[in-house]
Amino acid sequence: MNVLFVSLGCDKNLVDSEHMLGDLIDHDFTICDNEEDADIIVVNTCSFIADAMEESIQNIIDLSTYKETGKLKGLIVSGCLAQRFTEDILKDLPEVDAIIGTNSYDELLNAINIVLKKKGEKPVFKKELTGLPKDGRRVLTTGGHFAYLKIAEGCNKRCTYCIIPYIRGDYRSVPMERLLQEAKSLAADGVKELILVAQETTVYGVDIYGKKSLTELLHKLCNIDGIEWIRILYAYPEEITDELIECMASEPKICHYIDMPIQHCNDDILRQMGRKTNKIDIMNIAARLREAMPDISLRTTLICGFPGETEDMHKELLQFIKDMSFDRLGAFAYSKEDGTVAATWDNQVDDDLKQEWVDEVMLCQKDISLSNNEKYTGRQLQVFIEGKLPEDGVFIGRTYRDTPSVDGFMFVNSDTELTSGQFVTVNVTGFDEYDLIGDVRL
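This write-up is about the structure you can find in this document. Numbers given to residues run from 1 along each chain, matching the order in which its sequence is written. Local features in this predicted model are restricted to residues of pLDDT 70 or higher, and side-chain atom pairs are both shown and tallied only at a pLDDT of 80 or more, whereas totals for entire chains, interfaces and linings draw on every residue. Side-chain measures here rest on the full set of heavy atoms in the structure, leaving out hydrogens and waters.

On to the overall build of the protein chain, then. Here a helix means four or more residues in a row that DSSP labels H or I, a strand means two or more in a row labelled E, and each is numbered from the N terminus. The secondary structure content of the protein chain amounts to 15 helices and 19 strands. Radius of gyration: C-alpha atoms only; globule rule: 2.2 Å multiplied by the number of residues to the exponent 0.38. Taking 2.2 N^0.38 as the reference for a compact globule, 442 residues should give roughly 22 Å; the C-alpha atoms of the protein chain span a radius of gyration of 22 Å, in line with that estimate. Taken across its 442 residues, the protein chain has 56% of its residues classed as buried. Contacts between residues were defined by any pair of non-hydrogen atoms, one from each residue, lying within 4.5 Å. For the protein chain, restricting intrachain contacts to residue pairs at least 6 apart in sequence, the fraction spanning at least 24 positions comes to 74%. Throughout, the Shrake-Rupley method with a 1.4 Å probe supplies accessible areas, and for residues the shown protein chains are the sole cover considered. Only carbon and sulfur atoms are counted for the fraction: they give 48% of the accessible area of the protein chain, which is about 18,600 Å². In this tally, Asp and Glu contribute negative charge and Lys and Arg positive charge; neither His nor the terminal groups of the chain are included. Charged side chains are reduced to one point each, which is NZ for Lys, CZ for Arg, CG for Asp and CD for Glu. The distance from the centre of the 47 positive side-chain charges to the centre of the 77 negative ones in the protein chain is 4 Å. Throughout, exposure labels follow a simple rule: accessible area from a 1.4 Å probe, protein chains only, divided by the maximum for the residue type, with under 20% read as buried, over 50% as exposed, and the rest as partly exposed.

Below, the structure is given as structure tokens:
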């Protein structure tokens, strides 16, 4: 039985997909990558913002055509869209044969069995958003040398723009012993870089241990043989403690890199967003990180066009970006999501203006990134090789400054053949706005 998997959205969703793939492999299903060969197609969806929902829906519609042109017997939808819009999917997407919610991905085998029998109503699996799906085998889709380690599910923050707590539930930490066992298993399979993810990594452990336990987890992960890099994403600025900073600075395996989403800098906007920081707090936290680790790479994300944002607030944000000189930065237009507080407000910003502000932010960051990259010319950096571009004759890799899929690359010239998963020292010889160029030194 051939199963095709399509995983959309964030890295946290990807981890869920990899667990579902593990379940399938354990039960003798064959994973295929050709739609025409698929007996079952699973689409693990995203619905964080409108664009993500549209992508999910379009994938469902496009893939459903293989019921006519291929051998497709069942189309199953899982993930955030399935959790959030169950009734709409049942009503408006008759092509879908089963629905699996965000906390029920361990029900995939049951869903497939019911779909294949073609009896009764279409199955819907939606457990309460408490607890965690059962642990199980995981099949990596990232190439095998790096992996995301999802340390928690859900979120207790109730930012006024965000739908995630309503489709993922409250914050639920994964027990430390389960994470350590998973990390050891990943290392045994050849994983060298762990990327810690959650809706928020910095409050890990509060719900089950009664205190922030991220630093304890990090120290234990650093003791695992085979793991060489550990990277932290989704660290809310107000939750970054001196203890965490000291841990990052003192543990050689932890990359001097942190993803710290701030969303804006204007105090009024931050307050309306329901964020727990202000501009001064953000500046102070960044300063503490840079003081402890002068080479740290700071990444952030911003929302443009939040309800009530004015031209002056936008200009304040542009100046803040210049003053802070973030190493990595992403921006997206505010998306009005039904079910969130901000969606009910009257002072919505015009869509065209929102996108104009996004473009201005990214143009501003482009110049900053170019200037920051120039500083690395002539320096040596450790590079994690991920592949080769045969047509150009160069290898491609990442430095400690680069998270897969969202940051830049190092393009490496080498007379010696390099392999994926290999760490090499590279002499930086050139740069552009987002990437570095260098020669290998073995």
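Turning next to the nonpolar core. What makes a nonpolar core is a set of buried Ala, Val, Leu, Ile, Met, Phe, Trp, Tyr and Cys residues whose side-chain atoms join them at distances within 4.5 Å. If you look at the biggest cluster of nonpolar residues, it comprises 62 residues, and the most contacted ones within it are Ile151, Leu196, Leu217, Leu221 and Leu289. Ranked by residues supplied to this core, first place goes to helix α8 (residues 176–188) with 6 residues. Sequence-distant contacts of leucine 217, that is, excluding residues within four places in its chain, are made with Ile151, Met176, Leu179, Leu180, Leu196 and Tyr204.

Bringing helix α6 (residues 108–117) into the picture now. Within α6 the residues assigned to the buried category are Leu108, Leu109, Ala111, Ile112 and Val115. Considered in projection along α6, the buried side chains sweep an arc of 160° and stay on one side of the axis. Contact partners of the buried residues in α6: β1 (2–7), α1 (11–26), β3 (40–45), β4 (74–79), β5 (98–100) and β6 (124–125). Two residues or fewer after α6 comes lysine 118, characterised by a positive phi angle close to 55°. Working note: the arc is built from the helix axis to C-beta atom directions.

Note that phenylalanine 306 resides in the loop between β13 (297–304) and α14 (311–324). Sequence spacing of phenylalanine 306 and glutamate 246 is 60 residues, and the spatial spacing of their C-alpha atoms is 35 Å. The residues touching phenylalanine 306, leaving out its near neighbours within four places in the chain, are Thr160, Tyr161, Ile269, Gln272, Met273, Tyr334, Ala342, Trp345 and Val349.

Before going further, it helps to spend a moment on the packing of helix α13 (residues 279–292) against α14. Running from N to C, α13 and α14 cross one another at 15°; their axes reach a closest spacing of 12 Å. Considering the angle they form, α13 stands roughly parallel to α14. Considering how the two elements wind past one another, α13 and α14 form a crossing that is right-handed. Side by side, α13 and α14 meet where Lys279, Ile282, Met283, Ala286 and Arg290 of the first sit next to Glu316, Phe320 and Met324 of the second. Lines fitted to C-alpha atoms define the axes, with helix axes restricted to the stretch in contact, and inter-axis angles between N-to-C directions lie between 0 and 180 degrees. Should an angle fall under 35 degrees it is called roughly parallel, over 145 degrees roughly antiparallel, and 65 to 115 degrees roughly perpendicular, with every other angle called oblique. Note: crossing handedness is left-handed where the near helix turns anticlockwise from the far helix by less than a right angle, and right-handed where it turns clockwise.

Right, let's talk about the sheet that holds strand β19 (residues 436–441) for a bit. Remark on secondary structure: sheet strands pair via backbone hydrogen bonds, oriented parallel or antiparallel. If you trace the 5 strands once around the closed barrel, you get β15-β16-β17-β19-β18, paired in mixed fashion. Strand-to-strand twist of the sheet, defined as the mean angle between neighbouring strand axes without regard to direction, takes the value 55°. Alignment of strand β15 (residues 380–389) against strand β18 (residues 423–431), held across 5 bridges, turns out to be antiparallel. The residue bridging glutamine 382 from the neighbouring strand is threonine 425, located in β18. If DSSP finds at least two bridges between two strands, the strands pair.

Here we take up the sheet that holds β1. What the 6 strands build is an open sheet, ordered β2-β1-β3-β4-β5-β6; its pairing is parallel. Among the strands making up the open sheet, the edge pair consists of β2 (30–32) and β6. Both β1 and β2 contribute to a ladder of 3 bridges, which runs parallel. Looking across to β2, one finds that leucine 4 is bridged to cysteine 32.

Okay, α1 next. Its 16 residues give α1 an end-to-end C-alpha distance of 23 Å, which sits within 8% of 22 Å, the value for a rise of 1.5 Å per residue. Phi turns positive one or two residues past the end of α1, at aspartate 28, with a value near 70°. One less than the residue count of a helix, multiplied by 1.5 Å, gives the span that helix is expected to have.

Time to look at the state of the cysteines. When the sulfur atoms of two cysteines come within 2.5 Å, that pair is taken as a disulfide. The tally for this structure, following the rule as stated, stands at 0 disulfides. Of all cysteine sulfurs, the one in cysteine 80 lies closest to cysteine 46, which takes part in no disulfide; the gap is 5.8 Å. For cysteine 46, a relative accessible area of 13% gives the class buried. As a non-bridged cysteine, cysteine 304 has cysteine 265 as the owner of its nearest cysteine sulfur, 11 Å distant. Classification of cysteine 304 as buried rests on a relative accessible area of 0%.

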